[in-house]
Amino acid sequence: KIEGEQVLNQRLAVTVSDAWNKVSLGAQNQPYEAWTQGGLTLDHLRFWAGIEPGKSLMAAPPFSGGSGQKPPRLPTFRAGMPPDELVGLFELLYAADGSIVTLGRTEPARFAGEPGVRFEFAVLRKSDGVQLQGVGWLAVRNNQLFASTFVAPRLAFFPRLLPRAEAVVATAKIR
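Below is a summary of the structure that appears in this document. The residue count restarts for each chain, going from 1 along the sequence in the order it is written. For this predicted model, a pLDDT threshold of at least 70 governs which residues receive local features, and a threshold of 80 or more governs which side-chain atom pairs are given and counted, while totals over whole chains, interfaces and linings are taken from all residues. Calculated side-chain values reflect all of the structure's heavy atoms, with hydrogen atoms and water omitted.

1. Observations regarding the overall build of the chain
Looking only at helices and strands, one finds 2 helices and 9 strands in the chain. Where helices and strands are cited, they refer to DSSP runs of H or I of at least four residues and of E of at least two residues respectively, numbered from the N terminus. Moving toward the C terminus, one meets the helices and strands of the chain in the order β-β-β-β-α-β-β-β-β-α-β. In terms of C-alpha radius of gyration, the chain reaches 15 Å, essentially the compact-globule figure of 16 Å for 175 residues. Projected onto its principal axes, the C-alpha coordinates of the chain cover approximately 50 × 35 × 35 Å. Relative accessibility under 20% of the residue-type maximum defines a buried residue, over 50% an exposed one, and the middle range a partly exposed one, all with a 1.4 Å probe and only protein chains included. Buried residues in the chain amount to 45% of all 175 residues. All accessible-area figures derive from a Shrake-Rupley calculation using a 1.4 Å probe, and residue coverage is judged against the displayed protein chains alone. Accessible area for the chain stands at about 8900 Å²; split by element, carbon and sulfur atoms hold 51% of it. As a reference, a globule follows 2.2 Å times the number of residues to the power 0.38, and the radius of gyration itself is taken over C-alpha atoms.

Below you can see the structure in the form of structure tokens.
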């Protein structure tokens, strides 16, 4: 369990008052940090801190290349992307496993003290058909992307855990 001030990638600080569990992503080498209250299949709060232009928001998934398939397109950040394209990166990220992602409302918002965007989305998870609800926040500073998303099953976990995720995200500060 983690509590108190947490510094992510030496670039983003958040304060945690309600204990979260930090998930070890092991050999996956993901460019984000993941936290959960009840387990990754039930909920997750992810943070991207200082993603440089040309870098992906996720590590490439294993790809067999069979049947003439192309590897999945990776959500890659580019300097100067408009807000709708930035939000589209997260649509690609959550659809990379074949899940169906539907974008909802997008609105200007501050994230980590910077002008940015808050966006909502739904995910129909391919692996088990569970309907997830998600929200994300993002901002670009000095051509680096800072973002956070929270995703949980739509009916019970999302409404119950969203205030906890929002409380952490509201404390985000770029270092």
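2. Examining helix H1 (residues 83-95)
Helix span, as expected, comes to 1.5 Å for every residue beyond the first. The first and last C-alpha atoms of H1 sit 19 Å apart over 13 residues, in line with the 18 Å expected at 1.5 Å per residue. Among all positions of H1, only Leu86, Val87, Gly88, Leu89, Phe90, Leu93 and Tyr94 are buried. Buried residues belonging to H1 abut strand E4 (44-51), strand E5 (100-111), strand E6 (114-124), strand E7 (131-141) and strand E8 (144-153). Any two residues having at least one pair of non-hydrogen atoms within 4.5 Å are treated as being in contact.

3. Comments concerning the environment of Leu12
Among the structural elements, Leu12 can be located in strand E2 (residues 12-23). Owing to a relative accessible area of 0%, Leu12 belongs among the buried residues under this scheme. Taking the C-alpha atoms as reference points, Leu12 and Pro83, 71 residues apart in sequence, are found 20 Å from one another. Sequence-distant contacts of Leu12, defined by excluding residues within four places in its chain, comprise Gln6, Val7, Phe47, Trp48, Ala49, Phe111, Ala112, Phe146, Ala172, Lys173 and Ile174.

4. Some remarks on the packing of aromatic side chains
Any pair of Phe, Tyr and Trp rings, taking the six-membered ring for Trp, is counted once the centres come within 6.5 Å. Such a pair is stacked with planes under 30 degrees apart, edge-to-face with planes over 60 apart, and tilted for the rest. For the structure on display, the rule yields 8 aromatic pairs. Between Tyr32 and Trp48, the ring centres sit 5.2 Å apart and the planes meet at 55°, which makes this aromatic pair tilted. Placement of Tyr32 in the loop between E2 and strand E3 (33-36) and of Trp48 in strand E4 is noted, with a sequence separation of 16 residues between them. Here Tyr32 and Trp48 have matching classes, each one buried. With a centroid separation of 5.4 Å and 40° between ring planes, the pair formed by Phe90 and Phe119 is classed as tilted. Taken as a pair, Phe90 in helix H1 and Phe119 in strand E6 lie far apart in primary sequence, 29 residues in all. Using a relative accessible area of 1% as the deciding quantity, one classes Phe119 as buried. Grouped by ring-pair contacts, the aromatic residues Tyr32, Trp48, Phe90, Tyr94, Phe119 and Phe121 constitute a single cluster.

5. Concerning the pairing of strand E1 (residues 2-8)
Paired strands, in this sense, are two strands between which DSSP finds at least two bridges. Of the pairings in the sheet, the one linking E1 to E2 comprises 6 bridges and is antiparallel in character. Paired with Gly4 across the bridge in E2 is Val16. Hairpin connection of E1 to E2: 3 residues between the antiparallel strands, including Asn9 at a positive phi of 55°.

6. Structural notes on unusual backbone geometry
For Ala112, which is not a glycine, the phi torsion comes out positive at approximately 55°. Note that Ala112 resides in the loop between E5 and E6. Unlike most non-glycine residues, Asn142 shows phi in positive territory, near 50°. For Asn142, the position within the fold is in the loop between E7 and E8.

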